[in-house]
Amino acid sequence: MITTIQYKSRKLKIDLSKPLDISIPIQSSKHNVGAWHLTEPRIEPVTMDDWVGSVSKGAAVNFNNIWFNPHAHGTHTECVGHITEKVHSINKHLKTFFFFAEVVTVAPEEFAGDFVISKKQLQFALGNKKRDAIVIRTLPNMRDKLSKQYSNTNPTYLLEEAAIYLKEKGIKHLLIDLPSIDKEKDDGNLLAHNAFWNTKGKLRLDATITEFIFVPNKVEDGMYVLNLQIASFENDATPSKPVLYKILE
Ligand SMILES: N[C@@H](CC(=O)c1ccccc1NC=O)C(=O)O
């Protein structure tokens, strides 16, 4: 199913029957990805007296409750409400869902005992390309990213200068395969989040950060059409399903 999208002065031809799903599923398992010191998500049948909401237990339907945290348990998209006193809702601020994106691969650099992504690396990867969205794949890129337990591991993060660079370049949607764009333990400074959302000036209410993606190795660096879908929760963050479409010509 081939379609052509008119984007500014370009024509972007994509095949809708070849989606590249870069989300991490949420499952009720210790093998679910995890961060921020939470236990694994739970998906469990509702019980009422001796009734159990499971067909295998005699009910007519499977009827599960789900317990999870969007920031800790899988691919999620957040807006500035993640770090402001007023809880802006992602569902009110992400209103269009197709974006022109660049997938880039970055090998984190050592900095003050941490691993980081610098402005120079993103500058090298983006050059003078104008994009709505950047999809950052960090190296090494192995399937353990689907089930890794990140708590107390001090994962790679973005330097503040890198987030400022993306903001100044007009990137509206930042997607990354890490639990956060900021350092795990930073006394609440969240320098990269603050810089990207411009919290010291006019808030970038329409800008989003999507964390915990997984970009399979078969997806090459380059231009894509991104479909960024979210579950309609009124909250700072919600589970999301980013899907890429390769541009055919
Ligand atoms: N680095 C912060 C914590 C933090 O960033 C955070 C904590 C819980 C859930 C999500 C977080 N950040 C996500 O981007 C701190 O040390 O206070």
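Residues numbered from 1 in each chain as written. Predicted model: local features only at pLDDT ≥ 70, side-chain atom pairs only at ≥ 80, totals over all residues. Heavy atoms only, no water.

Taking an unreviewed UniProt entry as the reference, the protein is identified by name as Arylformamidase belonging to Yeosuana aromativorans.

**As for the layout of surface pockets**
So the rule is basically this: Here the term cavity refers to a set of points on a 1 Å grid, laid over the protein atoms alone, in which a 1.4 Å probe fits but cannot get out; the term pocket refers to an open set having protein on both sides within 12 Å along at least five of seven lines, with lining residues being those that place an atom within 4 Å of a point. Grid points are joined across faces, edges and corners, and a volume is the space filled by probe spheres set on the points. Side-chain classes are defined by residue name, with Ala, Val, Leu, Ile, Met, Phe, Trp, Tyr, Cys and Pro counting as nonpolar, Asp, Glu, Lys and Arg as charged, and the others, Gly among them, as polar.
Put simply, the largest pocket is a space of about 310 Å³. Lining the largest pocket are 16 residues; nearest its centre among them are Leu139, Pro140, Lys148, Thr156 and Leu178. Of the residues assigned to the lining of the largest pocket, the class counts are seven nonpolar, five polar and four charged.

**Side note on helix H3 (residues 160–168)**
Note the threshold: Burial classification: accessible surface area is computed with a 1.4 Å probe over protein chains only, and a residue below 20% of its type maximum counts as buried, one above 50% as exposed, and the rest as partly exposed. Where helices and strands are cited, they refer to DSSP runs of H or I of at least four residues and of E of at least two residues respectively, numbered from the N terminus. Working rule for contacts: check all heavy atoms of both residues, and any pair within 4.5 Å makes them a contact.
Restricting attention to buried positions, one finds in H3 the residues Ala162, Ala163, Tyr165, Leu166 and Lys167. In the core, the buried residues of H3 are packed alongside strand S11 (114–117), helix H2 (119–126), strand S12 (133–138), strand S13 (157–158), strand S14 (173–176) and helix H4 (191–197). Looking one or two residues past H3, Gly170 carries a phi angle of roughly 85°, positive in sign.

**Some remarks on empty space enclosed by the protein**
Evaluation of the coordinates by the stated rule reveals one cavity of 30 Å³ or more. Of the voids in this model, the largest cavity is the one considered here, and its volume is about 60 Å³.

**A short note on the packing of aromatic side chains**
We count it as follows: Here the aromatic set is Phe, Tyr and Trp, taking the six-membered ring for Trp, and pairing holds for ring centres within 6.5 Å; pairs whose planes are under 30 degrees apart are stacked, those over 60 apart are edge-to-face, and all others are tilted. For a ring to carry a charge above it, either NZ of a lysine or CZ of an arginine must fall within 6 Å of the ring centroid while also lying within 35 degrees of the normal to the ring plane.
Evaluation of the coordinates by the stated rule reveals four aromatic pairs. Look at Tyr7 and Phe100: their rings are 4.9 Å apart centre to centre, the planes differ by 55°, and that puts the pair in the tilted class. You can see Tyr7 sitting in strand S1 (residues 2–7) and its partner Phe100 sitting in strand S9 (residues 98–106), a full 93 residues away along the chain. Judged on exposure class, the residue Tyr7 and its partner Phe100 are both buried. Positioned above the aromatic ring of Phe196, the side-chain terminus of Arg204 is 4.8 Å from the ring centre.

**A look at the nonpolar core**
What counts, and what does not: Among buried residues, the Ala, Val, Leu, Ile, Met, Phe, Trp, Tyr and Cys ones that are joined through side-chain atoms within 4.5 Å form a nonpolar core.
In this structure, Leu122, Ile134, Ile136, Leu158, Leu166, Leu174 and Phe196 are the most contacted members of the largest nonpolar core, which totals 25 residues. Among the elements of the structure, S9, H2, S12, H3, S14 and H4 are those that each provide at least two residues to this core. Membership of the second largest hydrophobic core comes to 19 residues, among which are Leu20, Leu94, Ala133 and Leu175.

**Some points on the environment of Leu158**
With respect to the helices and strands, the residue Leu158 is situated in strand S13. Leu158 sits in the buried class, given a relative accessible area of 1%. Along the sequence, Leu158 and Ile117 sit 41 residues apart, while their C-alpha atoms lie 4.7 Å from each other. Here Leu158 is in contact with Ile117, Ile136, Ala163, Leu166, Leu174, Ile176, Ile181 and Ala192, once residues within four sequence places are set aside.

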